[in-house]
Amino acid sequence: MSNINNQFPTIAILGGTGKEGPGLALRWAYAGYPIIIGSRQLEKALEIANELNETLGISTIKGMENKDAARLAEICVLTVVQSAHQAALESLAEDLQGKILVDTTARVDFRDPKPPNPPSAARIAQDILGKGVRVVAAFQNVPAHALKKNLGGAIHTDVLVCSDDAEAAQTVIQLAKAGGMTAYHAGGLDNALVVEGLTAVLINLNKLYGSKTASIGVTGIGE
């Protein structure tokens, strides 16, 4: 496993105690990134951080309340449930200024999966946070079950990265690569609505074919 590299930006996983957050944290910590697990409840954040540290045999993953995690990180990744999306953004707006925020939200009901109505979750985030935050939509289609397997190896899923800021999009593409995923800049924040909708398609595929790891792949683009 890679050693912690101080040149890597610190990543805060906000709402990082659910299904997606710990998996992303595990892969990035394995790749050497300093990680902070954020939660509204400090005890939950510390519990997940301790579990991930134990899994990797390290002690560098920290657990904090969301606000503290956001302030200390350079890149923040929002992995809250869709019902908490707006409230989380509003409560963290001040702490996120000057950061890149990666919004992983797909506003899809797992019981009745259908594409969401516009605007995209990431566009909502950008409107709430203002120009001081560079919002990037990514990882909505990555199956949580796949993230904790084959650490250090590839995940057979592609990531569509949407942002109005090309530099921020490239930063997140590099994060995806560090986590064993292939990623592509798929346009601006409004395009993220389509990416959210793909989550509804993948959920239906999982249900129909008895799987938990349906994902997307992009073909026809050279390296």
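Source: prediction; values computed, not measured.

What counts, and where the lines are drawn
- Residues numbered from 1 in each chain as written.
- Predicted model: local features only at pLDDT ≥ 70, side-chain atom pairs only at ≥ 80, totals over all residues.
- Heavy atoms only, no water.
- Salt bridge = Lys/Arg side-chain N within 4 Å of Asp/Glu carboxyl O.
- Helix = DSSP H or I, 4+ residues; strand = E, 2+ residues; numbered from the N terminus.
- Buried < 20%, exposed > 50% of the residue type's maximum accessible area, 1.4 Å probe, protein only.
- Pairing = 2+ DSSP bridges.
- Right-handed = clockwise from strand over helix to strand, strands pointing away.
- Axes fitted to C-alpha atoms, helices over the stretch in contact; angles between N-to-C directions.
- Contact = heavy atoms within 4.5 Å.

A. Up close: the pattern of salt bridges. Per the counting criterion, the structure on display carries 10 salt bridges. The salt bridge partner of Arg-71 is Asp-68, with a shortest N-O separation of 2.4 Å. Of this pair, Arg-71 and Asp-68 both sit in helix H3 (residues 66–72), separated by 3 residues, roughly a single helical turn. Arg-71 sits in the partly exposed class, given a relative accessible area of 44%. The closest approach of N and O atoms between Asp-95 and Arg-71, which form a salt bridge, is 2.8 Å. Taken together, the residues span a long stretch of sequence, with Asp-95 in the loop between helix H4 (85–92) and strand E5 (100–103) and Arg-71 in helix H3 at a distance of 24 residues. Residues joined by salt bridges that share partners form a network here, namely Lys-67, Asp-68, Arg-71 and Asp-95.

B. Representation of the pairing of strand E6 (residues 134–137) in the model. Pairing geometry for E5 and E6, over 4 bridges, is parallel. When the bridges of E6 are listed, Asp-103 appears paired with Ala-137. Tracing the backbone out of E5, into helix H5 (residues 121–129) and back to the parallel element E6 gives a crossover that is right-handed. Looking at chain direction, E6 and strand E7 (residues 158–163) are connected through 2 bridges and run antiparallel.

C. The arrangement of the sheet that holds strand E4 (residues 75–78) in detail. Taken in spatial order, the 8 strands make up an open sheet running E3-E2-E1-E4-E5-E6-E7-E8, and their pairing is mixed. What marks the edges here is a single partner per strand, and that holds for strand E3 (62–65) and strand E8 (182–185). With strand direction ignored, the average angle separating the axes of adjacent strands in the sheet is 25°. Alignment of strand E1 (residues 11–14) against E4, held across 4 bridges, turns out to be parallel. Following the sheet pairing, Ile-13 is matched in E4 by Val-77. Against the sheet, helix H7 (residues 166–178) touches E1, E4, E5, E6, E7 and E8, its axis set at about 170° to E8.

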